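One letter stands for each residue in the lines below.
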Amino acid sequence: MIETNRPASVPAEDEPDLLRDQFKQLLRYRRLLGAGVGIGLLGGVYLGISTSDTYVATADVVLRAPTDDPFNPSLAPDKAINIGSERQVALSSSIANEAAKKLGVTSKDFAGLRSGLQVTNPPQTMVLRFTYTASSAKEAATRANAMTEAYLLKRQESLDVTRDKMVKGYQDQRDPVAKNLDDLVKQINAMPAGTGRDAAYASKTDLQSKVNTLNSNIAKLQALDMSPGRVTSPATPPSDTDGPGLLMSLALGAAVGLALGLLAAWVRLVFDPAPRSEGDVARALRAPVLGYLPRAKTGGGPLLAAGEEDPRLAEEFRSVAFRLAYDSRFADRRRLLVVAPRGSSETAAAAAVNLAASFAETGKDVLLIEADLRTPVLASQLPTGAGRPRWSQAQGGGPAAHGDAEWPDGRQLVVDAGESGAFDLIPGEPVRNVARALTSPRATRLISEADSPNSTVVVLAPPVLSYADALALVDRVDGVLVVCDPRAVHRSDLSRIRELISGAGGTVLGAVLHAPLPGEKRGRGGRGGKANAASAAPAQASRPSAPQAQPLTRQPNQGQQGQGQQAHRQAEPEQHIPGDGTDTVALRTVRMGRR
């Protein structure tokens, strides 16, 4: 009795593993990463060249608020000055006009004069920093100082105008009151003593108080220190250019470009429907990845991997067969359905053949059934010989009834797998009604041979998303192995395959991944059903028809139709039957054809 382990399941991945997996997937978008680095380098070259002849001069100005006592700490400068408004004033056209007059700049170059100025305010300070950028060091310093002087001059004029207006306003209020006071004094001098004079003295006191208050305000305004500020750091001609240099620009551009490339690769990865790792395939199928076929041996080589100079492919198939043998879901029934998602099933055929050889190597009685009745090619591509009439003989000893499906028709071939041993092959044959042939009682009895002790049945079916043939077999061959190129299918395709197989009563045992086949465009195989079908027709028409092996047993009570077909075969020229003992097909010279 074979001791089996628990079914393999999708391993739980922790956060670091997922991050490493995503980073590895990002590195696959080499074109996006290269494009990002290239754009960054171009930007660095542009930055280095454009700033190679650019000079920046800086001048600092500390602003002051008008005050009568500069040592009075009770008045906060930030309360008296709006530094944001002052910054906008420094950038205004009036300041630029004043500087242009001093520098002798014409109206044609006025816009260029303003564009080179930048005014900033360091945080928590009352400092305005005038930064001027020009093509020469001397010009940058001269224009920065000119802008600073023009700003201070305009601010001084603004403060003086404000003070003069206020003084004039107080004088306008004082003059009428002072005139009334003079008139009242004259009246008092002419009035006799008494209550009237006393009332006039009271009015005189009030008018004199108002005049004194207004005079005090005028005197206070005239005593104010109206200095707008002072230059703490005048601009000097810079000794070096403002740019970081060509080497530093290239380094910065490469870093920024790499970041952009990684961002673009991440966006591409998020919206990429194709699974880009084994983990994506396992999550979509909810089944483990049993193997990954070597890139150089996934197409164009012999159908049987045994005996090749590079043993990696054969060892990979042996590893897959070993993992399946110790999976209780497969070991209990020993029935395996090998399918591809869509497009070409060439690699699926190679997987079915090599898994059958691997099971035969362990001493199993293996039967390989080619259930691809649309483009059957295994009989013409494998070294076959006449076999025992055991697997496909109709039970009960009687012939197939007239009108039943034409396949399976009793043919059986033995495939020589070299050192791996031999296994039986039931070759496919084009039929009129594929669904009826696959669901016929004879096909069911044929698949039930796996119930025999020490026997294993491997069934090759067409792509599951292209035809429903595989789903018609799932109820009898419930263990499904998906062979696919992860870059040629979508995650939604794999999820749909799992749903279809589960809905039909089957189980996805795992997946075998492979690289794109030679001649296929990467990333188009998953959606190229029409193109593959169109290319398969001329390929099938140009391919020589597979030699047909004669049935291994003849029943004595065949009908008239069987006799007519036998007479027709006798009338035709003698044809070569593969596996009749007259030829020997070398294992290493058999090449895979396009399916």
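Scroll up to find the structure this text is about.
Residues numbered from 1 in each chain as written. Predicted model: local features only at pLDDT ≥ 70, side-chain atom pairs only at ≥ 80, totals over all residues. Heavy atoms only, no water.

Asks: Before we move on, could you go through a nonpolar patch on the surface and cite the residues and values that matter?
Replies: A surface patch of nonpolar side chains, amounting to about 710 Å² of accessible area, comprises Val256, Leu260, Leu263, Trp266, Val267, Val270 and Phe271. The topology assignment puts Phe271 in the loop between helix H9 (246–270) and helix H10 (278–285). By relative accessible area, Phe271 is classed as exposed at 66%. (Patch = residues over 30% accessible without salt bridge, like charges linked within 9 Å, V, L, I, M, F, W, Y side chains within 5 Å. Areas by Shrake-Rupley, 256 points an atom, 1.4 Å probe, with all protein chains shown as cover. Salt bridge = Lys/Arg side-chain N within 4 Å of Asp/Glu carboxyl O. Helix = DSSP H or I, 4+ residues; strand = E, 2+ residues; numbered from the N terminus. Buried < 20%, exposed > 50% of the residue type's maximum accessible area, 1.4 Å probe, protein only.)

Asks: Summarise the environment of Leu260; cite the residues concerned and give the values.
Replies: Among the structural elements, Leu260 can be located in helix H9. The spatial distance from the C-alpha of Leu260 to the C-alpha of Ile39 is 9.1 Å, given a sequence separation of 221 residues.

Asks: Give me H10: which residues, what numbers.
Replies: For an α-helix, 3.6 residues make a turn, and residues three or four places apart therefore share a direction. H10 sits mainly inside the fold: six of its eight residues count as buried. Among the residues of H10, Gly279, Asp280, Val281, Ala282, Ala284 and Leu285 are the ones counted as buried. Phi turns positive, to about 55°, at Arg286, one or two residues after H10.

Asks: Could you give an account of the nonpolar core, with specific residues and numbers?
Replies: One finds Leu324, Leu336, Leu355, Phe359, Leu368, Leu378 and Phe423 to be the most contacted residues of the largest nonpolar core, which totals 42 residues. A total of eleven residues in this core trace back to one element, the largest contributor, which is helix H13 (residues 346–361). For Phe359, the residues in contact, after removing those within four places along its chain, are Ala321, Leu324, Phe330, Leu336, Lys364, Val366, Thr456 and Val458. (Core = buried A, V, L, I, M, F, W, Y, C linked by side-chain atoms within 4.5 Å. Contact = heavy atoms within 4.5 Å.)

Asks: Just give me the short version of the packing of aromatic side chains, but keep the residues and values in it.
Replies: The description of an aromatic ring pair rests on the distance of the ring centres and on the angle between the ring planes. Per the stated rule, a full pass over the model turns up three aromatic pairs. Centre to centre, the rings of Phe130 and Tyr151 are 5.7 Å apart; their planes meet at 50°, and the pair counts as tilted. In this pair, Phe130 sits in strand S3 (residues 127–134) while Tyr151 sits in helix H7 (residues 137–190), placing the two residues 21 residues apart along the sequence. Residues Phe330 and Phe359 carry aromatic rings whose centres are separated by 5.4 Å and whose planes lie at 20° to one another, so their mutual orientation is stacked. Here Phe330 is found in helix H12 (residues 328–331), whereas its partner Phe359 is found in helix H13, with 29 residues between them in sequence. Here Phe330 matches Phe359 in class, with each residue buried. (Phe/Tyr/Trp six-rings, centres within 6.5 Å; stacked < 30°, edge-to-face > 60°.)

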